[in-house]
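# Architecture and fold: a report
As a plain string of letters, each chain reads:
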Amino acid sequence: AERGMFDLIFFGDSTGIPNTWKGDIDDAVRYGVAWPRLDMSPWITAMSRVTQHVGFGLTYASTFMHPFYVARLLNSLDHITNGRIAFNVITSQRRADAENYGFDELMEHAQRYDRMDEFMEVCRRLWASVDPDAFVWDKETGVVAQVGKVRPINHAGRFFKVKGPLSVPPSPQITPVLIQAGGSPRGTRTAARFVDHVFGGRKALPLMAQQRKDLDDAIVAEGRDPSNVGIIWATKVAVAETETEAKALRERLIARVPREAVGVWLSHNTGFDMSTLPPRFSLRELNQRIVAA
């Protein structure tokens with residue numbers, strides 16, 4: 001990736017084995033759907049030792065994690081990588097993840113974004129709680145840092161109570177590159193408050209243009225400049241010597257995916273058990289069932 005001049009290696013993540021399909025994990029385990037997945041933070045440290053330029057994107061869910069822990073971890077990784085960390089903050093839409101953090105059900109959609117709003121406010125205040133010039137490291141006087149340039153944040157909100165300040169020196173970027181993938185109207189409003197980039201799904205060009213406009217409008221409403229925020233569009237690539245061979249490769253890959261594995265993935269990401277659908281159904285019927293669920 002570094003030789004190829006890539007800007008970023010991004011690691012998506014989830015922490016539960018999919019269990020919505022048929023109500024169990026059997027097919028997810030059998031076909032390796034969204035598992036196994038390691039926590040990538042120690043691996044990023046190892047990869048940063050043999051690279052100099054490529055960035056590393058790490059994913060954590062604001063629905064389950066605590067902002068002080070995440071802010072401190074990302075600060076530390078930014079030090080280790082010399083300023084090459086990006087943070088993809090997600091709400092998570094997967095019940096299997098929620099069940100590993102003490103939730104019987106996944107938190108309601110709008111509430112998850114309310115929590116993300118507060119989560120990111122706390123993280124950003126923690127990253128700013130120690131001034132870049134706070135440390136003096138004076139060997140003669142023994143003074144390490146200047147009082148007044150290290151400040152508690154005294155946050156007390158709906159979801160979190162955090163005294164602060166962050167217990168580490170400011171990292172090279174101070175705040176890591178911030179990425180978020182929410183494409184819903186509620187997710188767009190949250191993203192507009194803090195993101196550097198948005199992940200966007202590949203779709204018809206008019207829909208992509210509309211998403212860009214909606215994001216720009218939300219960013220302006222937050223008093224920010226839309227030209228400073230990018231959308232990274234998802235693009236799947238099949239590579240071969242010729243176009244014909246690339247298309248054939250794509251078809252072979254699709255043909256090798258078992259029906260059950262597809263069902264596991266779709267069920268995991270929609271929260272609806274696709275195994276309950278009849279052999280033939282319309283997209284309208286599918287949407288109605290998902291909404292009802």
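Now for a look at the structure at hand. Treat the numbers as computed from the prediction; the structure is a model and nothing was measured.

## Remarks on helix α7 (residues 205–221)
Every α-helix winds through 3.6 residues per turn, so residues three or four apart in the chain are directed the same way. Across its 17 residues, α7 extends 24 Å between first and last C-alpha, which sits within 8% of the 24 Å expected from 1.5 Å per residue. For α7, every residue scored as buried is listed here: Met208, Gln211, Leu215, Ala218 and Ile219. Projected down its long axis, α7 carries its buried residues within an arc of 100°, all on one side. Those residues of α7 that are exposed and angled more than 90 degrees off the buried face are Leu205, Pro206, Val220 and Ala221. On its buried face, α7 sits against α6 (185–194), β7 (197–200) and β8 (230–233).

## Considerations on the packing of aromatic side chains
As enumerated under the stated definition, the model contains 6 aromatic pairs in all. Aromatic side chains Phe10 and Phe199 sit 4.7 Å apart centroid to centroid with 55° between the ring planes, which places their arrangement in the tilted category. Residue Phe10 is found in strand β1 (residues 8–10), and its partner Phe199 is found in strand β7; the two are separated by 189 residues along the sequence. On the numbers, 4.8 Å between centres and 0° between planes, the contact of Phe64 with Tyr101 is stacked. With Phe64 in the loop between β2 (55–61) and α3 (67–80) and Tyr101 in the loop between α4 (95–99) and α5 (109–127), the pair connects residues that are 37 residues apart, well separated along the chain. Cluster of aromatic residues (ring-pair linked, three or more members): Phe64, Tyr101 and Phe103.

## Some thoughts on the pairing of β7
As paired strands, strand β6 (residues 177–180) and β7 are joined by 2 bridges and run parallel to one another. Bridge pairing in β7 links Ile179 to His197. At this point the chain moves from β6, through α6, to the parallel β7, and the crossover so formed is right-handed. With 4 bridges joining them, β7 and β8 adopt parallel strand pairing. Across the sheet, His197 pairs through a bridge with Gly230, a residue of β8. As a crossover connection, the stretch from β7 through α7 into β8 is right-handed.

## Regarding the nonpolar core
By size, the foremost hydrophobic cluster in this structure holds 40 residues, and its most contacted members are Phe87, Phe119, Met120 and Trp127. At the level of elements, β2, α3, β3 (85–90), α5, α6 and α7 are the ones that each hand at least two residues to this core. Here the element with the most residues in this core is α5; it accounts for 8 residues. Among all residues touching Phe119, those that are not within four sequence positions of it are Ser62, Met65, His66, Pro67, Val70, Phe87 and Phe160. Counting 10 residues, the second-largest nonpolar core is a separate cluster that includes Ala28, Ala34, Ala261 and Phe272.

Conventions adopted
Residues numbered from 1 in each chain as written. Predicted model: local features only at pLDDT ≥ 70, side-chain atom pairs only at ≥ 80, totals over all residues. Heavy atoms only, no water. Helix = DSSP H or I, 4+ residues; strand = E, 2+ residues; numbered from the N terminus. Expected span 1.5 Å × (residues − 1). Buried < 20%, exposed > 50% of the residue type's maximum accessible area, 1.4 Å probe, protein only. Arc of directions from axis to C-beta. Contact = heavy atoms within 4.5 Å. Phe/Tyr/Trp six-rings, centres within 6.5 Å; stacked < 30°, edge-to-face > 60°. Pairing = 2+ DSSP bridges. Right-handed = clockwise from strand over helix to strand, strands pointing away. Core = buried A, V, L, I, M, F, W, Y, C linked by side-chain atoms within 4.5 Å.

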